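Understanding the architecture of this molecule
Residues per chain, in single letters:
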Amino acid sequence: MENRKVLRLSGNWLRAALSLGLLGSAVASGTAASAQTLVLRGGSVYASPDAAPLPDAVVVVSGGAISAVGSASDVQIPPDARVIDCAGKTVVAGFWNSHVHFTEAVWKSAANGPAAPLTAHMQEMLTRWGFTTVWDLGSNPADALPLRRRVNAGEVLGPNIFLLGSIFPKDGHPAYLPAELKLPEIADPDVSAQLARSYLGMGLDGIKLFTGSFKGEDKPVVNMDVAVAKAAVDVAHAQGKPVFAHPQNKTGVDTVIAAGVDVMAHTAPGPGYTQYTSEQLARFKSQGTALIPTLSLFTTVVLDPGVTAQITAVTVNQLRQFAENGGVVLFGTDIGFTKVYDTTLEYELMHRALSERQVLATLTTNPAQYFKAAKKGRVERGFDGDLVVLDGDPMADVRNLAKVAYTIRAGQIIYQKP
Ligand SMILES: [Zn+2]
């Protein structure tokens with residue numbers, strides 16, 4: 001397939017990135033680690049979701065990594081360190097939000113605009129909720145790639161950012177996205193493979209497939225051909241990159257399975273589809289499929305409280321089924337698409353199906369293990385200095401996961417409660 005044809009089909013986002021000369025320029029994944037040693041003193045530390053809390057602990061972060069964790073009596077505080085008093089607070093590993101979008105108007109100035117408004121919005125949307133790593137499930141690479149570069153350079157304070165390139169089915173422009181947005185709607189597996197290669201070539205970290213697109217209440221869902229999905233999956237997996245998918249109904253979930261997609265970006269409540277089938281659960285297990293529940297999202301897009309309650313009952317049940325089946329659950333909220341940045345409701349809804357420790361795992365150890373980030377997800381010596389200081393104990397009340405006092409990435413404070 002000629003490049004020319006791919007570019008014509010792949011729409012505004014890819015074209016804009018190409019015109020900026022971003023294609024082929026690999027984005028450095030470096031981090032502006034803080035030069036100053038940081039010490040968190042006196043808090044209660046959960047080294048991992050299944051660990052007992054270590055009270056009155058000291059965590060030392062130097063050169064961007066955790067250099068010591070232990071009791072106050074055992075750990076020496078370096079004389080030149082910046083010390084944060086964490087008495088009465090709880091320290092956990094930095095959070096991952098595995099479903100966000102950098103699509104709001106503010107990010108249009110990501111390439112050249114002043115840093116302060118970008119940092120301010122990053123705080124409002126992400127870092128004040130504890131996120132030190134995020135997966136962007138679809139945005140304009142011409143905004144998102146420069147944004148990531150400026151965050152990694154330390155100009156804009158923000159999380160570690162992974163980016164996906166999106167592929168839609170033919171006639172699959174979702175009803176909830178602006179009609180004027182040109183999206184790559186693909187019918188041909190060869191074009192799908194080419195587009196996946198183009199995305200990965202410009203420095204994106206994986207692929208997002210709309211295995212089903214919502215076209216409106218009264219219209220049938222448009223599902224992606226399995227061959228189109230599989231062609232992109234094969235390209236991504238050959239390069240060791242993950243594929244996420246948005247399924248809209250049972251067929252879209254079956255396409256996830258048939259094509260070998262790694263991560264479902266949502267639960268999939270739909271008419272006549274209130275639970276995953278036993279066949280689907282068996283395939284999730286054998287293929288290692290992960291799930292991002294996005295339970296609170298559905299309460300923001302459906303405004304009739306009776307209908308919302310019914311949908312929530314279905315999505316909570318799908319999460320429960322998935323978790324009891326042994327599947328990997330990853331925290332994610334679809335923020336950027338939804339404007340509800342507060343994570344409290346998501347924690348409350350997840351807690352209907354999961355324990356407090358399981359919810360903490362979806363934010364920390366689960367994504368770190370699933371995405372092979374060997375130095376993330378735990379508060380242990382040698383791990384990245386990505387930490388969240390909470391005002392309350394999340395094991396006592398899951399909503400305390402949203403009460404963030406400090407967010408620290410690579411030893412640098414990227415959010416501090418005023
Ligand atoms: Zn999304």
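Now for the coordination of the zinc ion. Donor atoms from the polypeptide that coordinate the zinc ion comprise His99 (NE2), His101 (NE2) and Asp334 (OD), at 2.0 to 2.2 Å from the metal. One chain supplies every donor for the zinc ion, spaced along it as H-x1-H-x232-D. Of the two residues, His101 is situated in the loop between strand 6 (95-100) and helix 2 (115-125) and Asp334 in the loop between strand 16 (328-329) and helix 10 (344-350); the sequence distance between them amounts to 233 residues. Accessibility classification places His101 together with Asp334 in one group, the buried group.

Moving on, we come to the environment of Thr343. If you trace the backbone, Thr343 turns up in the loop between strand 16 and helix 10. Accessibility expressed as a relative area gives 1% for Thr343, which makes it buried. Once the C-alpha coordinates of Thr343 and Leu118 are considered, the two residues, 225 residues apart in sequence, prove to be 20 Å apart. Ignoring sequence-local partners within four residues, the contact set of Thr343 consists of Trp129, Phe131, Phe331 and Ala402.

For the rest of this paragraph, the subject is the packing of helix 6 (residues 250-259) against helix 7 (residues 278-287). Remark: helix 6 packs on helix 7, axes separated minimally by 10 Å, with the N-to-C direction vectors making an angle of 30°. It follows from the interaxial angle that helix 6 and helix 7 lie roughly parallel. Between helix 6 and helix 7 the crossing geometry is left-handed. Contacts between helix 6 and helix 7 involve Lys250, Val253, Asp254 and Ile257 from the first element and Gln280, Arg283, Phe284 and Gln287 from the second. Here the residues of the contact of helix 6 with helix 7 sort into 3 nonpolar, 2 polar and 3 charged.

So, about the pairing of strand 19 (residues 412-416). Each regular strand displays side chains that alternate between the two surfaces of the sheet. Two strands pair when backbone bridges link them, and strand 18 (residues 404-409) and strand 19 are joined in this way by 4 bridges, in the antiparallel orientation. Along strand 19, the bridge assignment pairs Ile408 with Ile413. In this antiparallel pair of consecutive strands, strand 18 and strand 19, the connection spans 2 residues, and Ala410 shows a positive phi of 50°.

All right, on to the packing of helix 5 (residues 226-238) against helix 6 then. One can describe the packing of helix 5 onto helix 6 by two numbers: an axis separation of 9 Å at closest approach and a directional angle of 45°. By the criterion of interaxial angle, the relationship of helix 5 to helix 6 is oblique. For the element pair helix 5 and helix 6, the recorded crossing hand is right-handed. Together, Val226, Ala229, Lys230 and Val233 of helix 5 and Thr255, Ala258 and Ala259 of helix 6 make up the contact between the two elements. Residue composition of the contact of helix 5 with helix 6, by class: 5 nonpolar, 1 polar and 1 charged.

Glancing now at the domain arrangement of the chain. By domain assignment, the chain separates into domain 1 (3-30 + 95-370) and domain 2 (38-93 + 379-416). For domain 1 and domain 2, the distance between their C-alpha centroids amounts to 30 Å. Facing the 30 residues of domain 1 at the interface are 25 residues of domain 2. Of the roughly 2200 Å² buried where domain 1 meets domain 2, counting both sides, 67% is carbon and sulfur surface. Inspection of the region where domain 1 meets domain 2 yields 1 salt bridge. With a shortest N-O distance of 3.8 Å, Glu348 and Arg399 are connected by a salt bridge. For the pair domain 1 and domain 2, the number of links is 7 residue pairs in polar contact (both at pLDDT 80 or more). Within the residue set of the side of domain 1 that touches domain 2, elements represented by two or more residues are strand 7 (131-136), helix 3 (141-152), helix 10 and helix 11 (356-363).

A word on the nonpolar core. One finds Phe95, Phe102, Ile207, Leu209 and Tyr347 to be the most contacted residues of the largest nonpolar core, which totals 80 residues. When residues no more than four places from it in sequence are discounted, the contact partners of Phe102 are Trp107, Met122, Met125, Leu126, Val134, Asp136, Ser139, Leu147 and Ile161. Grouped together as the second largest cluster of nonpolar side chains are 19 residues, Val91, Ala93, Val379 and Ile408 included.

With that settled, the discussion passes to the pattern of salt bridges. Following the criterion strictly, the structure yields 13 salt bridges and no others. Between Asp384 and Lys376 there is a salt bridge, with its nearest N and O atoms 2.8 Å apart. Here Lys376 falls in the buried class, since its relative accessible area comes to 17%. One salt-bridge network, held together by shared partners, links Lys89, Asp391 and Lys417.

Conventions and cut-offs
- Residues numbered from 1 in each chain as written.
- Predicted model: local features only at pLDDT ≥ 70, side-chain atom pairs only at ≥ 80, totals over all residues.
- Heavy atoms only, no water.
- Donors = N, O, S within 2.8 Å, 3.2 Å for Na, K, Ca; no water.
- Helix = DSSP H or I, 4+ residues; strand = E, 2+ residues; numbered from the N terminus.
- Buried < 20%, exposed > 50% of the residue type's maximum accessible area, 1.4 Å probe, protein only.
- Contact = heavy atoms within 4.5 Å.
- Axes fitted to C-alpha atoms, helices over the stretch in contact; angles between N-to-C directions.
- Parallel < 35°, antiparallel > 145°, perpendicular 65-115°, else oblique.
- Left-handed = near helix turned anticlockwise from the far one by under 90°.
- Nonpolar A, V, L, I, M, F, W, Y, C, P; charged D, E, K, R; others polar.
- Pairing = 2+ DSSP bridges.
- Domains from an automatic or database assignment.
- Buried area = accessible area lost by both parts, 1.4 Å probe.
- Salt bridge = Lys/Arg side-chain N within 4 Å of Asp/Glu carboxyl O.
- Polar contact = N/O pair within 3.5 Å; in protein donor to acceptor, adjacent residues only side chain to side chain.
- Core = buried A, V, L, I, M, F, W, Y, C linked by side-chain atoms within 4.5 Å.

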